[in-house]
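Observations on the three-dimensional arrangement
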Amino acid sequence: MVVAQWDAQELAAWLRLLLTPSIGNASARRLLARFGGPEQIFAAPRAAWEACITARQASHLGQLPEQFAQRCSAAWAWLHNAPAGVGRDIITLADPRYPPSLLQIEDPPLLLYVQGHPGVLAHRGGPLVQMAQCLAIVGSRHPTAQGSSNAHAFAHNLVQQGWTVVSGLAAGIDAAAHAGALAAVPHGTTALATIAVVGTGLDQIYPRQHQALAQGIAQHGLILSEFPLGTPPLAANFPKRNRIIAGLSCGTLVVEAALASGSLITARLASEQGREVFAIPGSIHAPQAKGCLALIRQGAKLVETADNVLEELQGLKLVPTTAGQAQEAIKNKAPTPESPLLQALGHDPMTLESLSDRTGWDAAHLQAQLMELELDGLVARLPGGLYQRLAQS
């Protein structure tokens, strides 16, 4: 078991920010950019909050969320009582393990509850997952037998070739994709086979019949949720989580889907995020094929085998030779030399006031830009309100 390295006071501050009514992800990010962290937010006066959010939001922020102490205790207990062979953690925007591809999407989650492979969670030197090795597989909750077989076979083949399959733990195609990915993992290896992004709190499994499947994913992959513990399976949360499925992946494969389905929402989000969309064709008479045929008419890539998917991604130079090479390439990515803030920062520790003098930018704009550079691993926040540019080796 991996025990999360959390300070109780810091965790409480993050949970208070997440649970405060009317404070959504966008408002929370503005506050973080202005003050630097949840503890600093709650130490600031209400008048300072109102420079970033509305008076109504500031009023809510000044009060503890309902049942706050109990919810903090429940989160702490959940973190420290993981099953044998499974790790648990809560990963925030400020954590170097936060997937960088999610920062590129509209409305990135403030934090992610994570349960899964202990070796993956224990590594704190970089992102939890890399988009360049993830492909989403989604589809109907009521697939044909052939559709389930296709999802299983595609996922199995992709994992054998070093990929991680992302899906939503739903009945039907999602479950078949997760199962195919897990079946491809050789016994005793530490490969990250599959990621399930769910629409409930991680203390619940939905649907209930996927308890064993979720256990397998936690041992050979990851289960993620942006929703607080105790969140039930609310209908509105499942389309919302689809942006994370698409955001984690460099492409989305739709196996079977009706014309009005959550799978098409995921495909649309992937397209809007600039990711590739693939679809398996089917009979023009089958309701489960209508969505895929519509996607193909709209420009999705028609594929018949997993190799077709990989050939398309290879042509776009999205397929690294190995996962290790992909991670090394991202690790060694140099900062943009034209960045005026990095140029102004130089290589010595500097205060916000000194940076403001050098750049002519106000404090709020500076803090927002510095937070982005922190999340990119280019700048470190030091004690005493200092910032320092990090050397890229």
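Quick look at the structure, then.

Calculation criteria
- Residues numbered from 1 in each chain as written.
- Predicted model: local features only at pLDDT ≥ 70, side-chain atom pairs only at ≥ 80, totals over all residues.
- Heavy atoms only, no water.
- Phe/Tyr/Trp six-rings, centres within 6.5 Å; stacked < 30°, edge-to-face > 60°.
- Helix = DSSP H or I, 4+ residues; strand = E, 2+ residues; numbered from the N terminus.
- Lys NZ or Arg CZ within 6 Å of the ring centre and 35° of its normal.
- Axes fitted to C-alpha atoms, helices over the stretch in contact; angles between N-to-C directions.
- Parallel < 35°, antiparallel > 145°, perpendicular 65-115°, else oblique.
- Left-handed = near helix turned anticlockwise from the far one by under 90°.
- Contact = heavy atoms within 4.5 Å.
- Salt bridge = Lys/Arg side-chain N within 4 Å of Asp/Glu carboxyl O.
- Buried < 20%, exposed > 50% of the residue type's maximum accessible area, 1.4 Å probe, protein only.

So, on to the packing of aromatic side chains. The description of an aromatic ring pair rests on the distance of the ring centres and on the angle between the ring planes. Following the criterion strictly, the structure yields two aromatic pairs and no others. With a centroid separation of 5.7 Å and an interplanar angle of 50°, the aromatic rings of Y206 and F238 are classed as tilted. Here Y206, found in the loop between β5 (194–197) and α10 (211–220), pairs with F238, found in helix α11 (residues 237–248); they are 32 residues apart in sequence, far enough to count as distant. Over the ring of F35 we find R34, and its NZ or CZ is 5.0 Å from the ring centre. Between R141 and the ring centre of F238, over which it is positioned, the NZ or CZ distance is 6.0 Å.

It is worth spelling out the packing of helix α1 (residues 8–19) against helix α6 (residues 68–79) at this point. At a minimum axis distance of 10 Å, the contact between α1 and α6 shows a crossing angle of 120°. It follows that α1 is oblique to α6 by the angle criterion. In this structure, α1 crosses over α6, and the sense of that crossing is right-handed. Residues A8, L11, A12, L15, R16 and L19 of α1 form the contact with α6, whose own contacting residues are F68, R71, C72, A75, W76 and L79.

The next subject is unusual backbone geometry. Residue Y206 is joined to P207 through a cis peptide bond whose omega torsion reads -5°. Considering the arrangement of structural elements, one finds P207 in the loop between β5 and α10. One non-glycine residue, D107, lies in positive phi territory at about 60°. In this structure, L169 takes a positive phi of about 65° despite not being glycine.

Attention shifts here to the pattern of salt bridges. Enumeration over the complete set of coordinates arrives at eight salt bridges. Between E50 and R46 there is a salt bridge whose closest N-O contact spans 3.1 Å. With a shortest N-O distance of 2.7 Å, R243 and E226 are connected by a salt bridge. Placement of the pair is R243 in helix α11 and E226 in the loop between β6 (221–225) and α11, with a sequence separation of 17 residues. By relative accessible area, R243 is classed as buried at 7%. On the basis of relative accessible area, E226 is assigned to the buried category, the value being 8%. Through salt bridges with shared partners, one network takes in R29, D107, E226 and R243.

Turning to the side chain of N25, a few remarks are in order. Within the fold, N25 resides in helix α2 (residues 25–35). By relative accessible area, N25 is classed as buried at 12%. Apart from the residues lying within four places of it in its own chain, the contact partners of N25 are D107, P108, P109, L110, E226 and R243.

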